[in-house]
Amino acid sequence: MKQNKIKIRRGIPPLILFLMATFLLIAIVSLLAPVLFPVDLKDTDLMLRLKPPKFVDPQSPYLFGTDSLGRDVATRLLYATRTSLIISVSGMLLAVLLGLVVGVVSGLGRGAVDLSLMFVTDAELSVPTTFIGIVCATMMGANALTTIIVIGVTGWPGFARLVRGQVMQIRNISFIECSRALGASKPRIFFEHILSNIASPLIVQTTVSLGAFILLESTLSYLGLGIQPPETSLGVMVSEGRDYMLQNWWLAIIPSLVIVVLLMQISLVGDWLRDRLDPQLKSKR
Amino acid sequence: MKRYVAVRVIKALLTVLFVWTVVFILSRVTGDPVDWMLQSGGDMRAREQLRHNLGLDLPLAQQYFRAIAGMLTGDAGTSFYYARPVSDLFAERMTATLTLGAVVFGVTILFGVPLGVFAALRHNSVLDRLTMGFSVAGYTVPNFVLGILLIFIFSLHLKLLPSGSVGTPAHFVLPVIAMSVAPAANVARLTRSALLDVIGQDFLECARAKGAKESRVIFKHALRNALISVVTILGAQLGYIIGGSVVVETVFAWPGIGTLIVNSAKQRDFPVVQFGVMIICISVTAINLLVDLSYSALDPRIRGRD
C-alpha cells in the first residue's frame, strides 16, 4: 500500500493536471463568491430583465446577460455552483462517515450484525436514488438540509460495502493481531492500521461518487425538489432558464454546461485515480 | 437449486417489506400530514375530522397493517391533491411510462451490446476509442441536461421534432434519446470489458484450431461466456432507466407516472408518492430477482450447484 503513495508522485498527466486545476479554480472562485461579488439573491429588477449576454451583444455590461427577474446571470452562476458544491460535499462527508462506521462495524462484527447491515444496504440499492430524494422531499420538505441528508442516505451503502470488504480482508492479517497483542487501543488500531490501509480505495470511491452526488443534487433541484428559489443551485438555474429557451437559450444552456464540465472533471480525475491507486482494475479497462 | 430460488424469493419479499416499513415510518415520524394539507391552519374540529377520515387517529400498528392490506387489495388510499384513488391515477398513466421504458430498453440493447462487442473485437481501434468516449459522455451528461439540449437543437432550432407530450411516433424520438444514451453507454462499456476478459482465453484458440469459423468462435464461444455479465448489466440498467424516467418524463411533459410522482412530491401528496415508490421498488426487486435466477439458465456450471 505504501508503494502507491510513491507512485502517485511520479507525475500527473497534463490533462489530469489541467482538469484538477480548473476544478479547483471553479471551486475556489465560487466559494468566495459572497466575498468577491456580494449581492442579495432576492434582489430583482424587472427593468433589467432578459438583457443579452456579451457574446450576443458586445455592448452589454453583463457577461452572461440577465435572467427573467433582471438578475446578473454570471453572478448567480457563481452562487449556484457554490451551493451545488457545498451541498454535494456536505452530503458526501455524511455518506463517507456513515459508510465508514457501518462498514467497520459490519466488517469486524460477525453474524447477525453483518447480515442485517448488508440487508439494509441491499434494500436501499433497490430504490433508485432519485426516488429516495423524492420521498424525502415529500416527507421532510424540499430544502438544502433534506438534499444533504438524501445524499448521505443514498451514498453510504457504497462506502459501507467497500470498507466492509477491505476490513474483512485485513482484519486477520498478523500486523493487526500483533499490535493488539502489544496492547494498542481499539481507536488506535482503527486509525493507525485499518484507516491507513483502506485509504486509497476510499479516496477513489469518494472522488467518483462526488460526481454522482453533484448529479443527484442538480437533478433534485431541477425537479423542484431540492434547493428552492430565491436560493439557487445549478439545477434551479437550468429549470428557470428552460421556459425562456426560444429567445434566451443561454439561460438554460450555460448552467447545463457548468454541470457537464464539473462532472467531466470529476469523473476523468476519478478514473485516473482509480488506475493509479488500484492497479488490479487497470487491466480491465 | 430449489433452495437457491426459495432463498432469493424470500429475500426479495423481505426487501420490499423493509422499504415499505421505512417509507411508512418516515411518513408518520417526519411530520403531520394534516399540517401539510391544511397549511393555512384550519380549526381544530376540521383537523380532527380530516385525521379521522385519513385513518391517522388509529394506533400506528393498526395503520401499518391497514396500509399493507390496502396495498395488497389494490386500495392505496386517496390522493390529497387530486382527490381520487391513487390506484386510478397510476392505472391511467402506466401505459405511457411502460411504452417509453420498453422502447428505451430496446434501444439500449440494440445499440449498447453491438457497440460493446465491436469495440472489444477491434480493441484499440478508432471505433473502440469512440465507444469509450461515448461512454464517458454517458455518465457526465445528466439526462435532463441532454433532454434540454435536444429540445434546444431539434425542436426550437431545426423545428424537426416535437418537444413534449405524446401522440405520434415522432414524440418518442427525443425522450428516448435523452433516456437511452447513459444506459446504452454503460452497456457498451461493460459489454466491451466482459468480452475482453473472455477473448484472451485459451478455449477460443482451441475452437479456432478445430477449424471453427471466426463468426462461430465469437458468437457461440466468446459471446456466450460473456452473456452472464451482459445480462447482469442489462438488469442493472433497467433500474437505472426506471430512475431516469421520472426526470426525462418531467423534461418532456410525458404523461406517465414519473411526472405524476414529481408533481405529487411538490404538493407533498404522500399517498401518491408512497405508492409510486413501492411500485418502483417492487419492479426493481423483481428485475434483480429475475437476473439472479437467469444465471442458472445461462450457465450450466451454476445449474449443477445447490
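Being a predicted model, the structure only gives us computed values, none of them experimental.

Chemist: Explanation requested: the pattern of salt bridges in the structure shown.
Modeler: Side chains that carry opposite charge are capable of pairing whenever their charged atoms lie near each other. By the definition in use, this model includes six salt bridges over all chains. Between arginine 274 of chain A and aspartate 271 of chain A there is a salt bridge; the shortest N-O distance is 3.1 Å. Of this pair, arginine 274 of chain A and aspartate 271 of chain A both sit in helix α11 (residues 250–277), three residues apart, roughly one helical turn. Judged by its relative accessible area of 23%, arginine 274 of chain A is partly exposed. You can call aspartate 271 of chain A buried: its relative accessible area is 8%. Put simply, arginine 93 of chain B and glutamate 92 of chain B hold a salt bridge, and the shortest N to O gap is 3.5 Å. On the basis of relative accessibility, which here comes to 18%, the residue arginine 93 of chain B falls in the buried class. Glutamate 92 of chain B sits in the partly exposed class, given a relative accessible area of 45%.

Chemist: What is the right way to look at the domain arrangement of chain B in this model?
Modeler: When the parts of a complex come together, some accessible area is lost, and that lost area is often taken as the interface size. Residues and elements named next belong to chain B. Examined at the domain level, chain B breaks down into domain 1 (1–81 + 269–306) and domain 2 (89–266). Taken residue by residue, the interface counts 18 residues in domain 1 and 18 residues in domain 2. Between domain 1 and domain 2 lies a buried interface of about 1,500 Å² when both sides are counted; carbon and sulfur atoms form 82% of it. Along the contact surface separating domain 1 from domain 2 lie zero salt bridges. Counting the contacts that link domain 1 with domain 2 gives one residue pair in polar contact (both at pLDDT 80 or more). Classifying every residue of the side of domain 1 that touches domain 2 gives 11 nonpolar, four polar and three charged.

Chemist: Would you take a moment to explain the UniProt feature "transmembrane region" (unreviewed entry) in chain B for this structure?
Modeler: According to UniProt, the "transmembrane region" (unreviewed entry) feature falls on residues 98–121, 133–158, 170–188, 226–252 and 272–295 of chain B. For the annotated span residues 98–121 of chain B, helix accounts for 100% and strand for 0% of the residues, and the straight-line distance between the end C-alpha atoms is 34 Å.

Chemist: Would you take a moment to explain the interface of chain B and chain A for this structure?
Modeler: If you look at the interface, chain B gives 45 residues, while chain A gives 40 residues. Summing both sides of the interface, chain B and chain A together bury roughly 3,900 Å²; the carbon and sulfur share of this comes to 78%. Area buried by chain B at its contact with chain A is led by Thr140, Phe144 and Ile148 of chain B, which between them contribute 15% of it. The tally of links between chain B and chain A comes to zero salt bridges. Along the contact surface separating chain B from chain A lie four residue pairs in polar contact (both at pLDDT 80 or more). Those elements giving two or more residues to the side of chain B that touches chain A turn out to be α1 (2–29), α6 (126–140), α7 (143–157), α8 (170–199), α10 (214–251), α11 (257–266) and α12 (270–298) of chain B. If one sorts the elements of the side of chain B that touches chain A by residue count, α1 of chain B sits on top with eight residues.

Criteria and thresholds
- Each chain carries its own residue numbering, running from 1 in the written order of its sequence.
- Written order determines the labels here, with chains lettered from A and ligands numbered from 1.
- Residue-level local features of this predicted model are given only where pLDDT is at least 70; pairs of side-chain atoms are given and counted only at 80 or more, and the full residue set underlies all totals for whole chains, interfaces and linings.
- Side-chain calculation: all heavy atoms of the structure are included, whereas hydrogens and water are not.
- Salt bridge, as used here, is a side-chain nitrogen of Lys or Arg placed within 4 Å of a carboxyl oxygen of Asp or Glu.
- Numbering of helices and strands runs from the N terminus, with a helix taken as a DSSP run of H or I at least four residues long and a strand as a DSSP run of E at least two residues long.
- Between buried and exposed lies partly exposed: a residue is buried under 20% and exposed over 50% of the maximum accessible area for its type, with that area taken using a 1.4 Å probe on protein chains only.
- How far each domain reaches was decided by an automatic or database domain assignment.
- Two residues qualify as a contact provided that any one of their heavy atoms is within 4.5 Å of a heavy atom in the partner residue.
- A 1.4 Å probe defines the accessible area here, and the buried area is the portion of it lost by two parts on being joined, summed over both.
- Whenever two N or O atoms come within 3.5 Å, that pair is a polar contact, provided that in protein one can donate a hydrogen and the other can accept it, and provided that, for residues adjacent in sequence, both atoms are side-chain atoms.
- Side-chain classes follow a simple rule in which Ala, Val, Leu, Ile, Met, Phe, Trp, Tyr, Cys and Pro form the nonpolar group, Asp, Glu, Lys and Arg form the charged group, and the remainder, Gly included, forms the polar group.
- UniProt positions are given in the numbering used here, feature names are shortened, and annotations may be inferred rather than shown by experiment.

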